[in-house]
Structures are given as structure tokens and as C-alpha cells.
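Coordinate inspection notes
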Amino acid sequence: RNPDHILQVQGLRAGHGQLVAVRDVSFALKRGACVALIGANGAGKTTLLRCLAGVHPALGGRLHLGAQDITALPAHRRVQQGLALVPEGRRLWADMTVRENLTVALEHRDAARAAAATAPWSIERALQALPGLVPILDRPAGALSGGQRQAAAIARALMSNPEVLLLDEVSLGLSPLVVDEVYRSLQALRAQAGTTLLLVEQDLGRALAFADRVMCLREGQIVLEAACAETTREAVTEAYFGMA
Ligand code: ATP
């Protein structure tokens, strides 16, 4: 195994009943990299991320986080090992305030993992990375705007001290200004914490501008995987629609 790879996925398969949604997907994420996952509606992006997080059952394949085989670990153990998902729709505990959401996540994190971290995440540190949360800390999550919820969901995921953060449709339903803000926060995460990011992004221009690599999924298969600097919008669009 390559020690530079923080997440390694081999032959992952998953479905919904009879339907195959993820077919024999293999890829690796380099430590500290940012990879954008793109693909049309129904290509299997959400199912893939949910399988990696362990919240959707895989039918086959192997997953390694660092040197550890996490294939058999349930979702909460994967979080404790450093793999966190920010789900589509940013599910937060709606009746709890932002602070309470973060506190519950803090209480559930793996103590040994936090103790071993050189700079473990705290609520204060998350507020520095996501300053938009400061004025809304005591508001119920259910009363937040889409962008505020997204920021709170990212902060909540950070409480587990993730090495790898999986983000599903970070900009869905957000205004362009708010999307910019969310991406500034993600940029701060990359730069300051070195967190490895795998993010689903529908906006191809943004994906190519922000990520190091782009991966295109079509009908459950990876049809293109390239460094953003070495590919073109045209090549990615062709892979996306299957015109190649
Ligand atoms: P989107 O951008 O629309 O979320 P996606 O790329 O994330 O698309 P998935 O949501 O993973 O794709 O869907 C992959 C396939 O699995 C699609 O054919 C979809 O219809 C099907 N699918 C997804 N969720 C379910 C479900 N809960 N039950 C049955 N089929 C599902």
C-alpha cells in the first residue's frame, strides 16, 4: 500500500435493491488532497459517499483508511477512525442550538484520537475556521439558513478530528455569495489543518478551480480521473455525458 494514500477504495460495489448504483469503483486519495466528484443526477455520487462513510451497505470491495482495513467497521467507528461525512441536506439536530450540535459531536468523538491529534478541533477552533457561525451559536439549527446549516454541518464533522472529510453537494441550494463563503472555509481547512477532502460538486467550473483532481462518475463507474490542471472542461463534460 502506498503510504501517501490516506483512503484507498478497491472494487467497491453497492446498490438499491436490484439496481446497481456503484460498480467496481477503485481509487485512492492522497493525504491532504482535494478531489471533486462530479457526475449527472443518479450517477451514484451520493451512494458512493454513503458507502465510504458506512451508512449505506457495500455489496463488495475493500476500504483502507491509512493502513487500517475499515471495510467491516460500522459508520460510527469510521468517524472515530477519522472519516467523516457531511451529508446532502446537512442533517443537524434541528431542535438543538448550533452549540449543542457541536457539543454532542464533541462528546461522541474518540478520546484517544483527539488526544493523539497535534491540534484537535474544538468549538473555538471551528469558529475561527467558520466565523459565520459565531453570531448564530445559540440559535436552533432548524432556524438557520441553508448556508448557515452547511457551515454548522461542516463544523460538526470537524469535531471528530477527521483526516478525510466527505462532502455531498456542498453548494446545493445556496446563493453564489454563500457558496463562496463555504468554499473559503474549505480552503482554510485545507491550508490550516491539511484535511483531505472528497467533495461532490455540481458546478464543474468551481470543481476544476478548487480541487487538485477531478473524478467523474457515470452509471456507477469512474469514467475519468485526472489532475484538474491537466484536463479540460471539454474532456470532463464529454466524460460526464458519455460522449467520448
Ligand atoms: P443525485 O445528484 O441526483 O443525488 P447521485 O449521483 O448522487 O445523484 P445516487 O443518489 O447515488 O446518485 O443514485 C444512484 C442510483 O441509485 C440512481 O439510479 C438512483 O435512482 C438510485 N437510488 C438512489 N437512492 C435510492 C433509494 N433510496 N432507493 C432506490 N434507488 C435509489
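Since the structure is predicted, the reported quantities are computational estimates derived from the model, not experimental observations.

1. Points about the overall build of the protein
Secondary structure summary: the protein contains 9 helices and 10 strands in total. The C-alpha atoms of the protein give 17 Å as radius of gyration, which agrees with the globular expectation for 244 residues (18 Å, within 12%). If one aligns the C-alpha atoms of the protein with their principal axes, the spans along those axes are about 50 × 40 × 35 Å. Out of the 244 residues in the protein, the part that is buried amounts to 50%. Taking the contacts inside the protein whose residues are at least 6 apart along the sequence as the reference set, 67% of them involve residues at least 24 apart. Here the protein displays about 11,300 Å² of accessible surface, and carbon together with sulfur accounts for 51% of that area.

2. A closer look at the sheet that holds strand E8 (residues 196–200)
The strand order across the open sheet built from 6 strands is E6-E7-E8-E3-E9-E10, with neighbouring strands paired in mixed fashion. Each edge of the open sheet carries a strand with a single partner, namely strand E6 (83–86) and strand E10 (221–227). Adjacent strand axes in the sheet meet at a mean angle of 15 degrees when their direction is disregarded. Taken together, the 6 bridges between strand E9 (residues 213–218) and E10 define a ladder with antiparallel strand orientation. Among the inter-strand pairings, Leu217 is bridged to a residue of E10, identified as Ile222. Its contacts with the sheet put helix H9 (residues 233–241) on strand E3 (34–38), E9 and E10, and the angle it makes with E9 is roughly 25 degrees.

3. Some remarks on helix H3 (residues 98–107)
Restricting attention to buried positions, one finds in H3 the residues Val98, Asn101, Leu102 and Ala105. The arc enclosing the buried residues of H3, seen along the axis, measures out at 95 degrees, which places them on a common side. Residues of H3 that are buried sit in contact with helix H5 (123–129) and helix H6 (146–158).

4. A short note on the pairing of strand E2 (residues 19–30)
With 8 bridges joining them, strand E1 (residues 5–16) and E2 adopt antiparallel strand pairing. By the bridge assignment, His5 is partnered in E2 with Lys30. Between E1 and E2, which pair antiparallel in sequence order, lie 2 residues; one of them, Gly17, sits at a positive phi of approximately 60 degrees.

5. A look at the confidence of the model for the protein
On average, residues of the protein score 91 in pLDDT, and 99% of them are at 70 or above. Taken over the whole predicted complex, pTM reads 0.92, whereas the ipTM for its chain interfaces reads 0.91.

Quick notes on the rules
Residues numbered from 1 in each chain as written. Predicted model: local features only at pLDDT ≥ 70, side-chain atom pairs only at ≥ 80, totals over all residues. Heavy atoms only, no water. Helix = DSSP H or I, 4+ residues; strand = E, 2+ residues; numbered from the N terminus. Rg over C-alpha atoms; globule rule 2.2 N^0.38 Å. Buried < 20%, exposed > 50% of the residue type's maximum accessible area, 1.4 Å probe, protein only. Contact = heavy atoms within 4.5 Å. Areas by Shrake-Rupley, 256 points an atom, 1.4 Å probe, with all protein chains shown as cover. Pairing = 2+ DSSP bridges. Axes fitted to C-alpha atoms, helices over the stretch in contact; angles between N-to-C directions. Arc of directions from axis to C-beta. pLDDT = per-residue confidence, 0-100.

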